[in-house]
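Commentary on secondary and tertiary structure
Below, each chain spelled out in residue letters.
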Amino acid sequence: SHDGCCEAVLINTAGGVAGGDRARTQIALDPGAQAVVTTQAAEKIYRSQGSDTHVDAEIAVAAGAELAWLPQETILFSGARLARSLSVDLAADSRLIACETLYFGRAAMGETLLHGSLRDRWRIRRAGRLVFAEDLRLEGAIEETLRRKAVGQGARAVSTVLATEPGRLDEIRAFLAE
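Note that this is a predicted model, so its numbers are computed, not measured.

Cut-off values and rules
Residues numbered from 1 in each chain as written. Predicted model: local features only at pLDDT ≥ 70, side-chain atom pairs only at ≥ 80, totals over all residues. Heavy atoms only, no water. Helix = DSSP H or I, 4+ residues; strand = E, 2+ residues; numbered from the N terminus. Contact = heavy atoms within 4.5 Å. Polar contact = N/O pair within 3.5 Å; in protein donor to acceptor, adjacent residues only side chain to side chain. Pairing = 2+ DSSP bridges. Axes fitted to C-alpha atoms, helices over the stretch in contact; angles between N-to-C directions. Salt bridge = Lys/Arg side-chain N within 4 Å of Asp/Glu carboxyl O. Buried < 20%, exposed > 50% of the residue type's maximum accessible area, 1.4 Å probe, protein only.

Another point: the environment of Thr160. In this structure, Thr160 sits in strand E12 (residues 157-164). Sequence separation between Thr160 and Trp122 is 38 residues; the distance between their C-alpha atoms is 9.7 Å. Among residues more than four places away in sequence, those in contact with Thr160 are Ala98, Cys99, Glu100, Trp122 and Glu134. A polar contact is formed between the side chain of Thr160 and the side chain of Glu134, at a distance of 3.2 Å.

Here it is as structure tokens:
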């Protein structure tokens, strides 16, 4: 890379996944390492005949290491069934920025995610202690569910962004308040 930080691009040569497919990524950063991990293109989750597609990432970030987990977006097609998980183990002083985006169909192509199944699970631990947990579950008539004001208010996409900065919580809160 141009700045001394390792960059890794994960490639899915299939161009997408469908029901029954399984993808598992394991990443481990050594002490003091810096890395950016992304994907070469959007991950497409195609219609399933009944089985779930499983996409799992397991990440370990050692002492003093910094990781940016920035995969391209995931596109869910109508009838898709996705069970996805992100599990990160951070050392006490390591850093992480993570961003994952889900598109519910391709609006520019006139496609919507009428129905399907989505289970998305994040677990982040620092020094063995759970510091962040999030579970998203949408089943059945997803487009209809997302139209509800308390759920998605018509959203066609969602992103989860997480940044860990040991000792800088007050500074980050002040920044966000502005």
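Before going further, it helps to examine the sheet that holds strand E5 (residues 53-61). Strand order in this open sheet of 5 strands is E2-E5-E8-E10-E11, and the pairing throughout is mixed. Each edge of the open sheet carries a strand with a single partner, namely strand E2 (22-29) and strand E11 (129-140). Within this sheet the neighbouring strands show an average axis-to-axis angle of 5°, counted without direction. Sheet topology note: the strand E8 (residues 81-90)/strand E10 (residues 116-126) ladder contains 10 bridges and is parallel. Residue Leu90 lies in a different strand from E10, and its bridge partner there is Arg126.

For the rest of this paragraph, the subject is the pattern of salt bridges. Applying the stated criterion across every chain yields a total of 10 salt bridges. For Arg119, the salt bridge goes to Asp52, with nearest N and O atoms at 3.0 Å. One end of the pair, Arg119, is in strand E10; the other, Asp52, is in the loop between strand E4 (43-45) and E5, and 67 residues separate them in sequence. Its relative accessible area of 28% is what places Arg119 among the partly exposed residues.

Here we come to the pairing of strand E3 (residues 34-39). With 5 bridges connecting them, strand E1 (residues 6-10) and E3 associate as parallel partners. When the sheet's bridge partners are listed, Val9 is paired in E3 with Thr38. Two elements, E3 and strand E6 (residues 66-69), share 4 bridges in a ladder whose sense is parallel. Looking across to E6, one finds that Ala35 is bridged to Leu67.

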